[in-house]
Amino acid sequence: MEVDPNRRLSAIGQALAILGDRWVLLILQRALVREVRTFAGWRDTLPISESVLASRLKDLVGAGMLTPVPHRDGRTRHEYRLTARGSGVWPLIVAIHSWEREWAGRDCPTLIHESCGGEAGPYLACGTCGTPMSARDTETVRGPHATFAGIGLPRRRRRTARPDDDLDALGYRPDSMEILGDRWSTMVLAAALLGTRRFVAFQAELGVAPSVLTDRLRRFVERGVLRQAAGDYRLTEKGLAFFEVCAVLVHWAQEEFTAPPGSGLVITHRPCGAALTPVLACAVCDRPLHRRDVRFPPPPLGTAAGSAGSPAVLVSSGRTRAFPSPCGSRRAHDP
Ligand SMILES: [Zn+2]
Ligand SMILES: [Zn+2]
């Protein structure tokens, strides 16, 4: 993982350098919700080649997300345990799951909140005032040196955001990977959430080649994330809802990575005026969700967990991570 070049990146840029890859997200997801810890565990549950898996695990260790420890039984060389930084991605995994379930037609397992027994149906809430929060009632102020150049990097990896080829019930759908699995796509969506609407404005903001921009905007329109109106590209409800994923990602990034001064974002919850502390809350009982306290129901009898289309058994456990933290600046999210 491009360690040195990343030092001059914003925290969000550093986070995307690690997470902006479908395989990385899937590896972390399996670790977080299925407790997968071994090379064989990932290899046997993901349609990933051994060489790609080895390279991604090496990247994740290098990025401080996983730590290798010798395995007790002596047959497996290593177990890869989540570090605190790696465990901190849990809310992001849940936010992606939740967005896909609602907006990407994903037929995936329901998250059960153990404390209340209800379907968690997680929503984004403000950790300060406790009320639900969306893109519309937040304001984002950029630091004086927060530019998209602080996010951008030449991609080293080939785009992996393709296929529906997938996977089991937990496999990511193309919609979310269209956004997160490709750096330019992520930046186009981020710019849209920050209020950019016109082609020339995206171009000026991102410094992207017109052909690349045209392609990404077209894909987003096709997927119903943006719509064209009077020469503008505007976020649809589906696109706006991705704010939840972005808010959680920004929060994690700014907690975990040191970055050049002034390169951050401050997201403020307008109703209470507090800097954003994103919390995922349960739709039934409104209490914050924690990793130890949610699970996915077991698959119906007669279906193999992990086979295509079947709900998977997912028992979550592990460290609970509170969501403390700020992000901030000066553009309203009014699409
Ligand atoms: Zn609030
Ligand atoms: Zn609940």
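Residues numbered from 1 in each chain as written. Chains lettered and ligands numbered in written order. Predicted model: local features only at pLDDT ≥ 70, side-chain atom pairs only at ≥ 80, totals over all residues. Heavy atoms only, no water.

In the nomenclature of an unreviewed UniProt entry, the protein chain corresponds to HxlR family transcriptional regulator from the organism Planotetraspora kaengkrachanensis.

1. Structural notes on the pairing of strand E5 (residues 138-142)
Of the two faces of E5, only one is covered, namely that formed by Thr 138, Thr 140 and Arg 142; the face formed by Glu 139 and Val 141 stays uncovered. When E5 meets strand E8 (residues 265-269), the two strands line up antiparallel, connected through five bridges. Opposite Thr 138, over in E8, you have His 269 as the bridge partner. (Buried < 20%, exposed > 50% of the residue type's maximum accessible area, 1.4 Å probe, protein only. Helix = DSSP H or I, 4+ residues; strand = E, 2+ residues; numbered from the N terminus. Pairing = 2+ DSSP bridges.)

2. Section: the environment of Ala 63
Summarising the element assignment, Ala 63 is placed in the loop between helix H5 (50-62) and strand E1 (66-70). By relative accessible area, Ala 63 is classed as buried at 11%. C-alpha of Ala 63 to C-alpha of Gly 86: the two residues are 23 residues apart in sequence and 9.2 Å apart in space.

3. Some points on the side chain of His 113
Counting through the fold element by element, His 113 comes out in strand E3 (residues 112-113). What makes His 113 buried here is its relative accessible area of 1%. Side chain to side chain, His 113 and Asp 293 meet in a polar contact 3.0 Å long. Excluding residues that lie within four positions of it along the chain, His 113 makes contacts with Gly 118, Ala 120, Cys 282, Cys 285, Arg 287, Pro 288, Leu 289, Asp 293 and Val 294. (Polar contact = N/O pair within 3.5 Å; in protein donor to acceptor, adjacent residues only side chain to side chain. Contact = heavy atoms within 4.5 Å.)

4. Structural notes on the coordination of the zinc ion (ligand 1)
Protein-derived coordination of the zinc ion (ligand 1) comes from Cys 126 (SG), Cys 129 (SG), His 269 (ND1) and Cys 272 (SG), at a distance range of 2.1 to 2.4 Å. With four donor atoms in place around the zinc ion (ligand 1) and angles of 101 to 117 degrees between them, the coordination shape is tetrahedral. Between consecutive donors of the zinc ion (ligand 1), the numbers of intervening residues give the motif C-x2-C-x139-H-x2-C. Of this pair, Cys 129 sits in the loop between strand E4 (123-126) and E5 while Cys 272 sits in the loop between E8 and strand E9 (274-275), placing them 143 residues apart in sequence. Of the residues examined, Cys 129 reaches a relative accessible area of 34% and is grouped as partly exposed. The exposure class of Cys 272 is partly exposed, given its relative accessible area of 31%. (Donors = N, O, S within 2.8 Å, 3.2 Å for Na, K, Ca; no water. Tetrahedral: all angles 85-135°; square planar, octahedral: opposite > 155°, others 65-115°.)

5. Some points on the coordination of the zinc ion (ligand 2)
Those donors, His 113 (ND1), Cys 116 (SG), Cys 282 (SG) and Cys 285 (SG), are the protein atoms that reach the zinc ion (ligand 2), and they lie 2.1 to 2.4 Å from it. Around the zinc ion (ligand 2) sit four donor atoms; with metal-centred angles ranging over 98 to 116 degrees, the donor geometry is tetrahedral. One chain supplies every donor for the zinc ion (ligand 2), spaced along it as H-x2-C-x165-C-x2-C. A residue pair is termed long-range when its members are at least 10 positions apart, and His 113 in strand E3 and Cys 282 in the loop between strand E10 (278-281) and strand E11 (294-296) qualify at 169 residues. Accessibility assignment for this pair places His 113 and Cys 282 in one class, buried.

6. Things to note about unusual backbone geometry
The phi torsion of most residues other than glycine is negative, and most of the peptide bonds are trans. Residues other than glycine seldom take positive phi values, yet Glu 35 does so here, at roughly 60 degrees. The backbone phi angle of Asp 286 is positive, close to 65 degrees, even though this residue is not glycine. Positionally, Asp 286 belongs in the loop between E10 and E11. Among the residues examined, Asp 286 registers a relative accessible area of 48% and is labelled partly exposed.

7. Re helix H13 (residues 243-256)
The end-to-end C-alpha separation of H13 is 20 Å, in line with the 20 Å expected for 14 residues at 1.5 Å each. The buried count for H13 comes to twelve of 14 residues, which makes it a mostly enclosed element. Regarding H13, the residues found buried are Phe 243, Val 245, Cys 246, Ala 247, Val 248, Leu 249, Val 250, His 251, Trp 252, Ala 253, Gln 254 and Glu 256. (Expected span 1.5 Å × (residues − 1).)

8. A word on the environment of Arg 227
Within the secondary structure, Arg 227 is located in strand E6 (residues 226-229). Setting aside its immediate chain neighbours within four residues, Arg 227 contacts Asp 232, Tyr 233, Arg 234, Leu 235 and Thr 236.

9. Regarding the packing of aromatic side chains
Evaluation of the coordinates by the stated rule reveals three aromatic pairs. Note that Arg 22 overlies the ring of Trp 23, its terminal NZ or CZ placed 4.7 Å from the centroid. (Phe/Tyr/Trp six-rings, centres within 6.5 Å; stacked < 30°, edge-to-face > 60°. Lys NZ or Arg CZ within 6 Å of the ring centre and 35° of its normal.)

10. Quick look at the pattern of salt bridges
Applying the stated criterion across every chain, the model contains 15 salt bridges. Here Glu 35 makes a salt bridge to Arg 291, at a shortest N to O gap of 3.7 Å. A residue pair is termed long-range when its members are at least 10 positions apart, and Glu 35 in the loop between helix H3 (22-34) and helix H4 (39-45) and Arg 291 in the loop between E10 and E11 qualify at 256 residues. Judged by relative accessible area, which is 27%, Glu 35 ranks as partly exposed. We note a salt bridge from Asp 44 to Arg 43, for which the minimum N-O separation is 3.1 Å. Assessed through its relative accessible area of 56%, Asp 44 is described here as exposed. When salt bridges with common partners are traced through the structure, they connect Asp 215, Arg 216, Arg 218, Arg 219 and Glu 222 into a single cluster. (Salt bridge = Lys/Arg side-chain N within 4 Å of Asp/Glu carboxyl O.)

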